[in-house]
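This is what each chain is made of:
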Amino acid sequence: MNHFSIKLLTIVFSLLYHSESISDTIAKTLQDSSLKSVENRDIKLVSVPVSGKVNIKNPRYLYIQAGLHGNETATSSFVEWLIRKTKKGKSLLNQLPPNTTIDFVPKASPDTWNKSRYNSNQINLNRNFAVFFGISTEPTGSAPFSEPETKAIKKLFEKRNYISAVDIHGYVNWIVTPSKPTGQHMSDKRQIRQYHRWKKQIASLTKTHLPHYSLQEALALGDGGAFEDWAFWERKSLAFCMEMDSKERLKPLSKNKSIDTWKEYEVYLFKVFSSALSISEEEQNQLAEI
Ligand SMILES: [Zn+2]
């Protein structure tokens, strides 16, 4: 190959790479340019088929979100690390069933990343979702999905049928499961069964894989309008919130120490997602039998 062809190939590759990276946003994926942050920033969305193959038949989607609170930057670094590993086929997540595709949103509040817990309207985005809305001492927004960032997430969930979804926060040793059913959900018998099943499953996996963690529910913490309650009760996704451990433990004293901590979370997510996919498959089979 002569010098000119090499140069041409390099240009073509860089263009391809570039076009891939600029299409990786919620706005581009849903072809709706309004789905951006308050300050019109793109919200990055990276879809990775775990088998490495695109155009899979009947893909099953999982969702991993971080940085909904912009100041919790370690959550975004962790998710970006997971994206790199999964894209290379080197993550445990690549061992999920081959028709699985994972949607990663590493910085859900791009305007205030590394700046603030709130978005640029000074709203706590994790109090702006539609279930138990208004029960919070923090700024919730004027109505559910009043904020462009949560609106974009809602649209994404309407497009994809996420079997399971995690919202990652920091920094305490908690797993936050969906909150127990109240009045408005009591009539949904199927979802109440799912709630008990899901909670039991998470309790068991947490005990084994994050034994220093405790289980919480947003409503009991006084945090209405949280992501996982909406994703579970409204979108029927097996949702949860994973807090990353104390900041001290995550501090990169050395690069490897930080990565070791992240591996624990990678194993945990793999186990929880595997479990969610089998629960969903079992349910599909039961429905098919009826
Ligand atoms: Zn948070």
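Conventions adopted
- Residues numbered from 1 in each chain as written.
- Predicted model: local features only at pLDDT ≥ 70, side-chain atom pairs only at ≥ 80, totals over all residues.
- Helix = DSSP H or I, 4+ residues; strand = E, 2+ residues; numbered from the N terminus.
- Buried ≥ 20, exposed ≤ 12 C-beta atoms within 10 Å, placed from the backbone.
- Contact = placed C-beta atoms within 7 Å.
- Expected span 1.5 Å × (residues − 1).
- Pairing = 2+ DSSP bridges.
- Right-handed = clockwise from strand over helix to strand, strands pointing away.
- Axes fitted to C-alpha atoms, helices over the stretch in contact; angles between N-to-C directions.
- Core = buried A, V, L, I, M, F, W, Y, C linked by C-beta atoms within 7 Å.
- pLDDT = per-residue confidence, 0-100.

Brief notes about the overall build of the chain
When helices and strands are tallied, the chain shows eight helices and seven strands. The proportion of buried residues among the 290 residues of the chain is 40%. Put simply, of all contacts in the chain between residues at least 6 apart along the chain, 72% involve residues at least 24 apart.

Structural notes on helix α4 (residues 148-159)
When the terminal C-alpha atoms of α4 are compared, their 17 Å separation across 12 residues agrees well with the 16 Å that a helix rising 1.5 Å per residue should span. Among the residues of α4, those classed as buried are Pro148, Glu149, Thr150, Ala152, Ile153, Lys154, Leu156 and Phe157. Buried residues along α4 sit in contact with α2 (26-29), β4 (162-170) and α6 (227-233).

Overview of the pairing of strand β2 (residues 60-66)
Across the seven residues that make up β2, a large majority, seven, are buried. By the alternation rule, side chains of β2 split into Arg60, Leu62, Ile64 and Ala66 and Tyr61, Tyr63 and Gln65, which are all buried. Pairing geometry for β2 and strand β3 (residues 100-105), over six bridges, is parallel. Counted as the bridge partner of Tyr63 is Asp103 from β3. Handedness of the crossover joining β2 and β3 through helix α3 (residues 73-87): right-handed.

Looking at α3
The end-to-end C-alpha distance of α3, which contains 15 residues, comes to 21 Å, matching closely the 21 Å that a straight helix rising 1.5 Å per residue would cover. Once α3 ends, the next one or two residues include Gly89, with phi positive near 75°.

Structural notes on unusual backbone geometry
When glycine is set aside, most residues are seen to have a negative phi, and most peptide bonds are trans. Looking along the chain, the bond that leaves Gly170 and enters Tyr171 is cis, with omega of 0°. Within the secondary structure, Tyr171 sits in the loop between β4 and β5 (174-177). The phi torsion at Asn40 lies on the positive side, around 65°, for a residue other than glycine. Mapping Asn40 onto the fold places it in the loop between α2 and β1 (46-49). By C-beta crowding, Asn40 is classed as exposed, having 12 other C-beta atoms within 10 Å. The backbone of Asn58 shows a phi angle near 45°, a positive value even though the residue is not glycine. Mapped onto the elements, Asn58 comes out in the loop between β1 and β2.

Here we look at the sheet that holds β5
What holds strands together in a sheet is hydrogen bonding between their backbones, with the strands either parallel or antiparallel. Pairing is mixed in the open sheet, where seven strands are placed in the order β1-β3-β2-β4-β7-β5-β6. Because the sheet does not close on itself, it has two edges, and the strands there are β1 and β6 (214-217). Along the sheet, successive strands turn relative to each other by an average axial angle of 20°, direction set aside. Set on the sheet, helix α5 (residues 189-209) makes contact with β5, β6 and β7 (238-244); between it and β5 the angle comes to about 170°.

What to know about the nonpolar core
Membership of the largest hydrophobic core comes to 65 residues, with the highest contact counts inside it found for Leu62, Ile64, Phe78, Val79, Phe104 and Phe240. Not counting chain neighbours up to four residues away, the residues in contact with Phe104 comprise Val46, Val48, Ile64, Val79, Leu82 and Ile83.

As for the environment of Ile202
Counting through the fold element by element, Ile202 comes out in helix α5. In this structure, the C-alpha to C-alpha distance between Ile202 and Ile175, residues 27 residues apart in sequence, is 8.5 Å. Setting aside residues up to four positions removed in sequence, Ile202 forms contacts with Ile175, Thr177, Leu215, Phe240 and Val272.

Section: the environment of Phe270
Checked against the element boundaries, Phe270 lands in helix α8 (residues 255-289). Measuring from C-alpha to C-alpha, the distance between Phe270 and Leu96 comes to 7.5 Å, with 174 residues separating the pair along the chain.

Structural notes on the pairing of β5
Judged from the four bridges that link them, β5 and β6 form a sheet pairing that is parallel. Residue pairing in the sheet places Val176 in a bridge with Gln216 of β6. Each parallel crossover has a hand, and for β5 linked through α5 to β6 it is right-handed. Where β5 and β7 come together, two bridges link them in antiparallel fashion. Looking at β7, one finds that Ile175 is bridged to Met242.

As for the confidence of the model for the chain
Scored by pLDDT, the chain has a mean of 90; 88% of the residues are at 70 or more. Here residues 13-22 scores under 50 on pLDDT; set against residues more than four positions off or in separate chains, the count is zero contacts.

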